[in-house]
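Chain residues, written in single-letter form:
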Amino acid sequence: MLRPATRPLIVAGLLAAALPAAAGDLPFQLVPTANVQYEWARVDSDLGPLQTEDGFRRGRIGFRVVGDNKRWQLVVDHDFADKTPPDAFLELTPGEGQSFRLGQFKQPFALEDAISDKQTAFLEASPVGAFVISRRIGAEYARWGKRGTFNAAVFGHRLDGTSDSPGATVRGTWLLRSSKEDSAHVGMSLATESPRSDSASYSLNAGTVLSDLRVASTGSIAGVDRIDRAAVEGVWVRGAWSFQAETARVVLRRDAGNVGGDAGTVQVTWSPTGDGRNYKRGVATAPTPKGHVGWELALRYGVIDLNDGAAMRGGRAESWGLAATCYPHPNVRIIANLLQYNSTRRGVANDPLTAGLRVQFTY
C-alpha cells in the first residue's frame with residue numbers, strides 16, 4: 001500500500017516525464033524537473049524521549065520551458081511534501097552575463113541560501129540558514145563575469161500570502177582566484193524589509209525538519225518596524241577540497257529598542273575519490289563523478305546566538321557535524337550526517353545528538 005504522500009509524487013512524475021513528447025515541434029523546449037528526497041532521522045535530546053522519524057523531506061516536481069534562443073525560460077514546480085514554497089518565475093537573459101527574473105524565487109541573500117539543497121554536503125542548512133529570506137515574489141537583476149557576481153532584488157510576500165514583508169536585498173561576490181586548479185571568492189549580502197505584521201521570529205532546528213525540536217528560538221517578537229540583515233562569506237575550491245565560511249547578523253528595529261542575533265559557520269569538504277566541488281557563479285556546487293561511484297566527506301561547525309537582553313532570549317547553540325555523501329548515479333545521491341548540538345536557552349541546557357540519512361533523486 002502506497003503512503004498518501006507518495007501517490008501525488010508518482011502521478012506528477014509521470015506527467016512531467018510526458019511533457020517533452022507533448023511539446024512536439026514547438027519553438028521551445030519543455031524540460032521536466034524533479035527533486036525528491038526521502039529521509040530518516042533520529043534525535044536524542046536531553047529534554048524528551050528518543051525521536052525516530054522518516055518521511056519525504058522534498059517532493060518537488062515541475063518543469064522548465066526554455067526558448068530555442070536560450071534567451072528566456074519559465075520555471076514552475078511544486079513541493080508535494082509541503083515543506084517548501086514553490087518556484088514560479090520567468091527569467092530573461094538579454095545578453096551574456098546578465099539576467100532578469102520575475103516571480104517567486106529564492107532571494108539573493110547569503111551563500112547558505114544560494115546553494116541548492118541538490119548541492120549541499122549536509123541534510124540541513126547551517127545556523128546561518130535561520131536568517132535567510134528564502135522564496136518570495138519579487139524582481140531580480142543578476143550579473144556575472146570574470147570579476148564575480150552581483151544580484152539585486154526587491155520582494156514582497158509568498159504566493160500563499162505568508163511572509164508579507166516588502167523589502168530589498170543584494171549579494172555580491174568578488175573573485176580572488178579563478179583557474180583550472182582553484183577558485184576563491186569573498187562576498188557580502190545586505191537586506192532590509194518591513195513586516196506588515198510588525199513582528200518577527202527566528203529559530204534553529206536540531207538538524208532535521210522531521211522533528212519539532214528547536215535548539216534556539218526567539219518566539220514572536222512584537223513591535224518590529226524593520227528587519228535589517230548582513231552577511232559576509234568566503235569560498236575556496238581546490239581539487240578534491242573545498243572550504244567555505246560565513247557569518248550573518250539580523251537586527252530588528254523597534255521603538256522599544258533594537259535587538260539582534262548572530263550566526264556563523266565553517267565547512268570543509270574532501271572527496272576521497274578525487275571528485276571535487278565545482279565552482280560556478282559564486283557557489284561551490286556538488287561533485288559530478290563520471291564513470292564511477294563518487295564520495296564526499298564533510299566537517300562543519302556552526303553557532304547561533306539569539307540572546308539580546310530581556311526582549312530577546314532565544315538561546316545560544318553550537319554544533320559540530322560530520323557528513324558522508326555517495327554519488328552512485330548522476331541523478332541519485334545518498335547522504336548521511338551526524339550532528340552534535342550544545343545549546344542553552346533561558347537557563348535550560350540541551351545537547352541533542354541527531355543522526356540523519358537521505359536518499360535523493362534529482363532530474
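Going by the structure above, here's the rest.
Residues numbered from 1 in each chain as written. Predicted model: local features only at pLDDT ≥ 70, side-chain atom pairs only at ≥ 80, totals over all residues. Heavy atoms only, no water.

Visitor: Whenever I open this one, the packing of aromatic side chains confuses me. Can you help?
Guide: Aromatic ring pairs are defined here through the distance separating the ring centres and the angle between the ring planes. Applying the stated criterion across every chain, the model contains six aromatic pairs. Ring centres 6.2 Å apart and planes at 80 degrees place the aromatic pair Phe89 and Phe105 in the edge-to-face group. Here the residue Phe89 occupies a position in strand E4 (residues 88-95), and Phe105 occupies one in strand E5 (residues 98-106), the gap between them amounting to 16 residues. You'll find Phe89 and Phe105 in the same group, each marked buried. With centroids separated by 5.9 Å and ring planes inclined at 35 degrees, the aromatic side chains of Trp241 and Trp270 adopt a geometry described as tilted. Linking Trp241 in strand E15 (residues 241-254) with Trp270 in strand E16 (residues 259-270), this pair joins segments that are 29 residues apart in sequence. Overall, Trp241 belongs to the partly exposed group, its relative accessible area being 46%. We classify Trp270 as partly exposed; its relative accessible area is 34%. The cationic tip of Arg101 hangs over the ring face of Phe89; the distance from NZ or CZ to the ring centre is 4.4 Å. Directly above the ring of Phe105 sits Arg101, whose terminal nitrogen or CZ lies 5.4 Å from the centroid. (Phe/Tyr/Trp six-rings, centres within 6.5 Å; stacked < 30°, edge-to-face > 60°. Helix = DSSP H or I, 4+ residues; strand = E, 2+ residues; numbered from the N terminus. Buried < 20%, exposed > 50% of the residue type's maximum accessible area, 1.4 Å probe, protein only. Lys NZ or Arg CZ within 6 Å of the ring centre and 35° of its normal.)

Visitor: Can you help me understand the nonpolar core in this one?
Guide: Most often, soluble globular proteins keep nonpolar side chains buried together rather than apart. Counting 36 residues, the largest nonpolar core has Phe131, Tyr202, Ile227, Leu252, Ile304 and Leu306 as the members making the most contacts within it. Contact partners of Phe131, with chain neighbours within four places excluded, come to Phe109, Tyr202, Arg229, Ala248, Arg249, Val250, Gly261, Asp262, Ala263, Ile304 and Leu306. Core analysis: the second largest hydrophobic core is formed by six residues, Leu111, Val237, Val283 and Ala284 among them. (Core = buried A, V, L, I, M, F, W, Y, C linked by side-chain atoms within 4.5 Å. Contact = heavy atoms within 4.5 Å.)

Visitor: How should I be thinking about the environment of Gly302 in this particular structure?
Guide: Note that Gly302 resides in strand E19 (residues 294-307). With relative accessibility at 0%, the residue Gly302 sits in the buried group. Sequence-wise, Gly302 and Val128 are 174 residues apart; in three dimensions their C-alpha atoms are separated by 8.0 Å. If near-sequence neighbours (up to four positions away) are discounted, Gly302 is found in contact with Pro127, Gly264, Thr265, Ala317, Glu318 and Ser319.

Visitor: Before we go on, may I ask you to explain the pattern of salt bridges in this structure?
Guide: What the rule picks out here adds up to 20 salt bridges. Between Arg253 and Asp228 there is a salt bridge, and its shortest N-O distance comes to 2.9 Å. With Arg253 in strand E15 and Asp228 in strand E14 (residues 224-238), this residue pair connects regions lying 25 residues apart in the sequence. Arg253 gets classed as partly exposed once you look at its relative accessible area, which sits at 29%. Between Glu296 and Arg277 there is a salt bridge whose closest N-O contact spans 2.7 Å. Here the residue Glu296 occupies a position in strand E19, and Arg277 occupies one in the loop between E16 and strand E17 (278-280), the gap between them amounting to 19 residues. Like Arg277, Glu296 is buried. One salt-bridge network, held together by shared partners, links Arg60, Asp77, Asp87 and Arg135. (Salt bridge = Lys/Arg side-chain N within 4 Å of Asp/Glu carboxyl O.)

Visitor: What's the story with the pairing of E15 in this structure? I'm lost.
Guide: For a regular strand, side chains alternate in direction, first toward one face of the sheet and then toward the other. For E14 and E15, the ladder comprises 14 bridges, and the chain directions are antiparallel. From the neighbouring strand, Trp236 faces E15, where its bridge partner is Phe243. As consecutive antiparallel partners, E14 and E15 are separated by two residues, and within that stretch Gly239 has a phi angle of approximately 60 degrees, a positive value. Sheet topology note: the E15/E16 ladder contains 12 bridges and is antiparallel. Within E16, the residue paired with Val251 across the bridge is Gly260. (Pairing = 2+ DSSP bridges.)

Visitor: I keep staring at a nonpolar patch on the surface and nothing clicks. Help me out?
Guide: Taken together, the side chains of Phe150, Val170, Trp174, Leu176, Val186, Met188, Leu190 and Val232 make up a nonpolar region of the molecular surface, amounting to roughly 710 Å² of accessible area. Examined against the element boundaries, Leu176 turns out to sit in strand E8 (residues 167-178). With a relative accessible area of 57%, Leu176 lands in the exposed category. (Patch = residues over 30% accessible without salt bridge, like charges linked within 9 Å, V, L, I, M, F, W, Y side chains within 5 Å. Areas by Shrake-Rupley, 256 points an atom, 1.4 Å probe, with all protein chains shown as cover.)

Visitor: I keep staring at the side chain of Gln267 and nothing clicks. Help me out?
Guide: Tracing the sequence through the fold places Gln267 in strand E16. When residues no more than four places from it in sequence are discounted, the contact partners of Gln267 are Ala121, Phe122, Ser242, Phe243, Gln244, Leu299 and Arg300.

Visitor: Even after reading the chapter, I still don't get the side chain of Arg333, so can you show me in this structure?
Guide: Along the chain, the position of Arg333 falls in strand E21 (residues 332-345). For the buried Arg333, no salt bridge is present, and the opposite-charge side chain at shortest range is Glu296, 5.5 Å distant. Among the polar contacts listed, one links the side chain of Arg333 to the backbone oxygen of Asp117, at a separation of 3.0 Å. Within the structure, the side chain of Arg333 is placed 2.9 Å from the side chain of Gln360, a separation counted as a polar contact. Residues contacting Arg333, with those up to four places away along its chain left out, are Asp117, Lys118, Gln119, Thr120, Thr325, Cys326, Tyr327, Pro328, Arg358, Val359 and Gln360. (Lys, Arg positive; Asp, Glu negative; His and termini not counted. Polar contact = N/O pair within 3.5 Å; in protein donor to acceptor, adjacent residues only side chain to side chain.)

Visitor: Is there a simple way to think about unusual backbone geometry in this case?
Guide: Generally, phi is negative for residues other than glycine and the peptide bonds are trans, each holding for most cases. Non-glycine residue Lys70 carries a positive phi angle of around 65 degrees. Within the secondary structure, Lys70 is located in the loop between strand E2 (51-67) and strand E3 (72-79). Exposure remark for Lys70: the relative accessible area of 53% places this residue in the exposed category. One non-glycine residue, Arg346, lies in the positive phi region at around 55 degrees. Mapped onto the elements, Arg346 comes out in the loop between E21 and strand E22 (348-350).

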